[in-house]
There are 2 protein chains.
Amino acid sequence: MIRPHPAVEALPPATPFIGPERLMRETGRSELVRLGANESAFGPSPFAIAAMERELPRLSWYGDPDSLDLRDALASKHACDAGSILVVAGIDDVMGLIVRAYVGAGGLALAARGTYPTFAYHVHGYGGTLETVDYRDDGFVDVDAMIAAARRLDPHLVYLANPDNPSGTLLPASEVERLIDALPARTLLLLDEAYADFVSDDRLLARPLDDRVIRTRTFSKAYGFAGARIGYALLTRAHHDVLQKVRLQYGVNRNAQIGALAALADTAFVTGVIAQTQAGREEYVALATSLGLRTLPSHTNFVCIDCGTGERATRVMHELLQRGVWIRKPGARPLDRFVRVSVGTAPMRAAFTDAFRAVLAVVPA
Amino acid sequence: MIRPHPAVEALPPATPFIGPERLMRETGRSELVRLGANESAFGPSPFAIAAMERELPRLSWYGDPDSLDLRDALASKHACDAGSILVVAGIDDVMGLIVRAYVGAGGLALAARGTYPTFAYHVHGYGGTLETVDYRDDGFVDVDAMIAAARRLDPHLVYLANPDNPSGTLLPASEVERLIDALPARTLLLLDEAYADFVSDDRLLARPLDDRVIRTRTFSKAYGFAGARIGYALLTRAHHDVLQKVRLQYGVNRNAQIGALAALADTAFVTGVIAQTQAGREEYVALATSLGLRTLPSHTNFVCIDCGTGERATRVMHELLQRGVWIRKPGARPLDRFVRVSVGTAPMRAAFTDAFRAVLAVVPA
């Protein structure tokens, strides 16, 4: 009998996020208003698209395993050395590497309960244990509880998404600083900054890189590259050398490298996306307010709207899908009473607004 | 002190293949004749390029995590169920998943010594032990030795690339069949068919899928998609369910999915690539013969040329690089006396021919 390694055999069946393509097949729809995965509704920069178009005939070449040109550009952007940057196939990719390298079999990790689920997926997948602390009821990560748990548990790795997903809330840099300073000596912080592009630099951690933190960034959100699978970690040489030992050396696709490099140069485009995103968030907040619903303060490209109970939020999500609008919602308390809707273009937001009003009228509070 | 998991800390520093981009920086060249990584010199199908171009504005969407459309097309091509196909970000990706799931910490794998090095990288990286058997001196995988070793060692996983890289040789389907039938009951065969597109179907394993074998395929070679990072495994539902538990659910990029789907439809293009590749191989064989050098019989898009000794082959490779021609060579005996050159376009082959003649004149036998 051929059987997998006991550690993998013991894993439960995967229950990944269902993709909109499968939902379309299941509902018989030829399209959905895609507001479920915090994809950018504003696409990649036209300048980046043109760069990728030009290079498609050379897609038969492997991407540069060292991402030399892109790392140079990122080092310039972040005023650091290229050795402090590891380019990866999206944050999910490097998150897996970090968990594999720093948690691993028998290791211990700590995160907010219900934060970005792929972190838990990796911790379990690599044989680690995940301990959690609850979000505060206002949707913020509970830093005091996290510090207390870290001191009690002495974990190998603490995960903090800031801005957070799925809540959208942003901890002040001083709170992140306080968390780092309070962590046990052996504890690494994985600071997931997937949504940092939507936050002004003066509100982000300003601390120079040291071995206590690995920060992760992506081109998937403000840059509109989710389908390209490209991101990077900001990290010390020591961590770089460790992840280099386990990463897929030729894992980043060439088209993404070329597009990301061009996108970095088109700062005006990203600035415009950020402004449009803020306007879209404000529209959602106004909509919710007009319906008597509260929202969480978001520093991302999505907004969480309070539906009162988890049951109602789930029904709202399903009813929206019946009307062709695809959103998602947090699964764990206390955030499970919210629905999470990504900022779309103006027509997408209008479609959401109409459907949301109609759904609320039929889903009792 | 923050330190990685002992299993990762114990790994040696990574020594990946050096990419041509780094070689260009180091040698101060603005271009190289790329004949080192068995990339297709004929690019992707223009039909696939057009499909990818059209979809670039939607690169802000994640790829379908289930690759539904592509799996349907592949199921049709292979006359199997879509559940027998797992789409991945290249064979390196799924090879890592298979090693993680079926070898893992304390597990045992078996392969030909010097075959595709990423397999050894994964086995060591996931805490397994790799046992090897030598190639036969004629460049073929030694099936008798592999069967004997498998029976003696009872490994969890046996790796066979067929056609093989770096030798290019092809075992008859009957020999692969003999190997499978002789493996111990708990042993899985990873049959890496990265180069199978260059072989006519009647020379490939015809056996229906069962739990004893996972076959891997790629769009990187004949389809010219190396930079796109997309491939797939042919496997039973049981293996599919296992790998589903550990794979990156959103790891395949959307552009690659779209391009691969379009490329499958352009069968005339791939047929042309295969014919041009065969002509290029014959040209290399004629060149070697004219210089009194032997070649290995290749069923791939590269040819191994015998330079007599490992030292000479290494010097030939370095001298070619000095002349702007980038190739690679096998590292382990008995194949280390060969240089391995990918089939290029006619101008690339002409550049190689000129440089190779010049180098042989200055590198003594």
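Here the structure is a predicted model, which is why all the values come from computation and not from measurement. (Residues numbered from 1 in each chain as written. Chains lettered and ligands numbered in written order. Predicted model: local features only at pLDDT ≥ 70, side-chain atom pairs only at ≥ 80, totals over all residues.)

Participant: What exactly am I supposed to notice about the environment of Thr-216 of chain B here?
Facilitator: Inspection of the secondary structure puts Thr-216 of chain B in strand E7 (residues 213-218). Between the C-alpha atoms of Thr-216 of chain B and Ala-150 of chain B, which are 66 residues apart in sequence, the distance is 21 Å. (Helix = DSSP H or I, 4+ residues; strand = E, 2+ residues; numbered from the N terminus.)

Participant: Can you help me understand the sheet that holds strand E4 (residues 129-133) of chain B in this one?
Facilitator: All names here are of chain B. An order of E2-E8-E7-E6-E5-E3-E4 is seen for the 7 strands of this open sheet, with the pairing classed as mixed. Only two strands of the sheet have a single partner each, and these edge strands are strand E2 (85-88) and E4. Averaged over all pairs of adjacent strands, the angle between their axes in this sheet comes to 20°, without regard to strand direction. Along the sheet, helix H5 (residues 91-102) makes contact with E2, strand E3 (108-112), strand E5 (157-161), strand E6 (188-192), E7 and strand E8 (231-234), crossing E7 at roughly 160°. (Pairing = 2+ DSSP bridges. Axes fitted to C-alpha atoms, helices over the stretch in contact; angles between N-to-C directions. Contact = placed C-beta atoms within 7 Å.)

Participant: For this particular structure, what's the right way to read the interface of chain B and chain A?
Facilitator: Interface size is often expressed as the accessible area that is lost when the parts come together. The interface of chain B with chain A comprises 70 residues on the first partner and 70 residues on the second. Only helix H1 (6-9), helix H2 (20-27), helix H3 (46-55), H5, helix H9 (237-244) and helix H10 (254-265) of chain B provide two or more residues apiece to the side of chain B that touches chain A. Residue classes in the side of chain B that touches chain A are distributed as 36 nonpolar, 17 polar and 17 charged. (Nonpolar A, V, L, I, M, F, W, Y, C, P; charged D, E, K, R; others polar.)

Participant: So what exactly am I meant to see when it comes to the relation of the copies chain B and chain A here?
Facilitator: In this structure, two copies of a chain are linked by a rotation about an axis accompanied by a shift along it. Superposition record for chain B on chain A: RMSD 0.0 Å, screw rotation 180°, translation along axis 0.0 Å. The two molecules are tied by a two-fold rotation axis, judged by turn and shift. If distances are taken from each C-alpha of chain B to the rotation axis, the shortest is found for Glu-53 of chain B, at 3.0 Å. Both copies contact each other with a shared surface, as 100% of the interface residues of chain B are interface residues in chain A too. (Least-squares fit on C-alpha atoms with pLDDT ≥ 70 in both.)

Participant: I'm lost on the domain arrangement of chain A in this one. Help?
Facilitator: Residues and elements named next belong to chain A. Each assigned domain of chain A is listed here: domain 1 (18-43 + 268-362) and domain 2 (46-265). Between domain 1 and domain 2, the C-alpha centre-to-centre distance is 25 Å. The leading source of residues in the side of domain 1 that touches domain 2 is helix H11 (residues 267-290), at 5 residues. In terms of residue class, the side of domain 1 that touches domain 2 is made up of 14 nonpolar, 9 polar and 2 charged. (Domains from an automatic or database assignment.)

Participant: What should I look at first to understand the packing of H3 of chain B against H10 of chain B in this one?
Facilitator: Two packed helices can be described by the angle between their axes and the distance between those axes. Residue and element names in this part refer to chain B. Between H3 and H10, the least distance of the axes is 8 Å, while the angle of their chain directions is 150°. On the basis of their axis angle, the class for H3 and H10 is roughly antiparallel. With respect to the hand of their crossing, H3 and H10 are arranged in right-handed fashion. Between H3 and H10, the residues in contact are Phe-47, Ala-48, Ala-51, Met-52 and Glu-55 and Asn-255, Ile-258, Gly-259, Ala-262, Ala-263 and Ala-265, respectively. A class-by-class count of the residues in the contact of H3 with H10 yields 8 nonpolar, 2 polar and 1 charged. (Parallel < 35°, antiparallel > 145°, perpendicular 65-115°, else oblique. Left-handed = near helix turned anticlockwise from the far one by under 90°.)

Participant: Explain the confidence of the model for chain A here, please?
Facilitator: If pLDDT is low for a region, its predicted coordinates should not be looked at in detail. Residues at a pLDDT of 70 or more form 100% of chain A, whose mean pLDDT is 97. Here the predicted complex carries an ipTM of 0.97, next to a pTM of 0.98. (pLDDT = per-residue confidence, 0-100.)

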